[in-house]
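Notes for the structure review
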Amino acid sequence: MTRKTILLLPGDGIGPEIVAEARKLLDWLTAQGHASFYMEEGLIGGAAYDQTGNPLPEETVIRARQADAVLLGAVGGPKWEPLPYEVRPERGLLGIRKVLDLYCNLRPAKVFPQLVDASTLKREVVDGTDIMVVRELSSGIYFGNPRGVETMDNGEKRGFNTLVYTTSEIERIAKSAFQLAMLRQKKLCSVDKANVLESTELWREVVIEVGKSFPEVALSHMYVDNAAMQLIRNPRQFDVIVTTNMFGDILSDEASMLTGSIGMLPSASLGEPFALYEPIHGSAPDIAGRGVANPLATILSVAMMCRHSLRLPDLADRIEGAVNRVLDQGLRTPDILQPGTQQVGTVAMGDAVLAALSESFS
Ligand code: NAD
């Protein structure tokens with residue numbers, strides 16, 4: 001059995017609590033001989049700033065490059081908000097995505113049948129939703145230059161950012177999205193604003209060109225404003241959505257609410273050859289340290305890691321199956337609590353998933 005090195009970056013707020021639950025599964029799988037994981041822990045975000053003065057220490061980057069995969073909790077919190085922009089915890093996260101060239105962000109929004117009534121939308125709208133949002137992650141307006149805030153001659157200030165995409169950047173994300181669509185329902189919707197933004201006019205042209213190599217995939221295009229509306233009007237129309245960094249950031253958070261709780265949604269950020277897995281939620285400072293955070297998004301991120309980086313699809317299926325069984329048992333952290341279900345905390349939820357995972361091997 002090949003040993004896989006996993007770098008854990010717990011980060012801030014609820015990060016250490018939820019990563020500990022994921023680690024419990026990984027340690028158990030190794031102890032039982034079902035896998036061979038070697039775990040390392042590193043610093044990122046506010047925790048890294050506090051210890052080293054840098055939200056992304058060089059040591060973390062070196063270890064991430066050596067690992068087979070990285071699992072991150074979350075970064076940020078009010079404690080670090082007064083800091084200058086360059087050393088804020090969030091710069092650590094953007095920084096690691098950039099240095100590892102993690103250009104492809106997969107954000108599934110799948111409604112678990114057991115949680116369909118936890119969504120703020122009607123059951124008949126969300127039931128059966130299973131969308132994969134493919135977000136470009138290392139370019140676009142969050143990284144484009146020039147950027148800044150300057151004072152003009154008349155004394156007024158002017159803030160500006162640049163939305164920039166090159167052909168090769170669009171080609172590689174489009175290719176990833178088409179490949180994923182081939183493994184799913186073979187439907188791809190590319191979201192842009194080609195009617196007013198030249199950079200996304202290029203986006204549309206290149207996506208169409210890449211699509212010529214994937215004739216089996218039904219490609220459609222949608223403007224982002226319409227996509228935002230269609231996502232809550234009829235989410236089942238979507239299979240795979242591919243879009244730019246900022247549009248994907250916003251649409252994937254919107255899609256998360258179809259599923260009931262942000263605490264359920266994993267993500268993968270893929271490059272070549274590096275990859276980082278993390279729940280889509282933040283550090284939830286309002287509940288940090290109270291033992292009530294939902295660890296399932298992080299545990300499901302481990303399943304994505306097994307599938308996309310570690311080539312262990314059987315383990316991915318087992319972990320997802322274990323989460324399903326725990327939901328069937330009616331166990332819920334407070335964020336997904338419904339009448340008739342049983343409230344548990346972070347550790348008890350992790351223990352229940354571990355028990356269900358262990359059963360899957362017996
Ligand atoms: P958030 O996702 O941390 O929290 C939003 C709401 O969802 C809160 O009410 C929180 O309690 C709840 N929530 C989030 N995760 C949960 C979980 N696992 N279980 C139960 N409830 C959960 O977003 P925010 O409040 O806007 O941001 C808080 C901090 O996190 C900020 O500093 C922000 O910059 C940072 N942030 C980090 C990431 C990341 O690390 N990837 C992403 C988003 C926000």
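Residues numbered from 1 in each chain as written. Predicted model: local features only at pLDDT ≥ 70, side-chain atom pairs only at ≥ 80, totals over all residues. Heavy atoms only, no water.

1. Notes on the site of the ligand
Keep this limit in mind: A single heavy atom is enough: if one lies within 4 Å of a molecule or strand, its residue is considered near that molecule or strand. Nitrogen and oxygen atoms within 3.5 Å of one another constitute a polar contact, given that in protein one can donate a hydrogen and the other can accept it, and given that sequence-neighbouring residues count only through two side-chain atoms. Reported accessibility uses the Shrake-Rupley method at a 1.4 Å probe radius. Residues are deemed covered only where the shown protein chains occlude them. Residues are grouped as follows: nonpolar covers Ala, Val, Leu, Ile, Met, Phe, Trp, Tyr, Cys and Pro; charged covers Asp, Glu, Lys and Arg; every other residue, Gly included, is treated as polar.
By nearness alone, 20 residues border the ligand, and V75, E90, G282, A284 and D286 come closest of all. Between the ligand and the protein, one listed contact pairs an oxygen atom with a side-chain N or O atom of E90 at 2.5 Å. In the complex, 68% of the free accessible area of the ligand, which totals 800 Å², lies under the protein chains. When grouped by side-chain class, the residues that make up the shell around the ligand number 9 nonpolar, 7 polar and 4 charged.

2. A look at the packing of helix 6 (residues 167–183) against helix 7 (residues 198–211)
Operational definition: Only the stretch in contact is used when fitting a helix axis, every axis being a line fitted to C-alpha atoms; angles between N-to-C directions are given from 0 to 180 degrees. Under the DSSP-based scheme used, a helix requires at least four consecutive residues in state H or I and a strand at least two consecutive residues in state E, with every element numbered from the N terminus. Any angle that falls under 35 degrees is termed roughly parallel, while one over 145 is termed roughly antiparallel, one within 65 to 115 roughly perpendicular, and all others oblique. Left-handed describes a crossing whose near helix is turned anticlockwise from the far helix by less than a right angle; the clockwise case is right-handed. Note on contacts: a residue pair is in contact if any heavy atoms of the two residues lie within 4.5 Å.
Viewed as axis vectors pointing N to C, helix 6 and helix 7 meet at an angle of 50°, and their least axial separation amounts to 9 Å. As far as their axial angle goes, helix 7 and helix 6 are oblique. Pair helix 6 / helix 7 crosses with right-handed handedness. Residues T167, I170, E171, I173, A174, K175 and F178 of helix 6 lie in contact with helix 7, whose contacting residues are L202, W203, V206, V207, V210 and G211. Residue composition of the contact of helix 6 with helix 7, by class: 9 nonpolar, 2 polar and 2 charged.

3. Some words on the packing of helix 8 (residues 224–233) against helix 9 (residues 245–256)
At a minimum axis separation of 10 Å, helix 8 and helix 9 run at an interaxial angle of 10°. As judged from the angle between their axes, helix 8 and helix 9 are roughly parallel. Crossing hand, helix 8 versus helix 9: right-handed. Contacts between helix 8 and helix 9 involve V224, A227, A228, L231 and I232 from the first element and F247, L251, E254 and A255 from the second.

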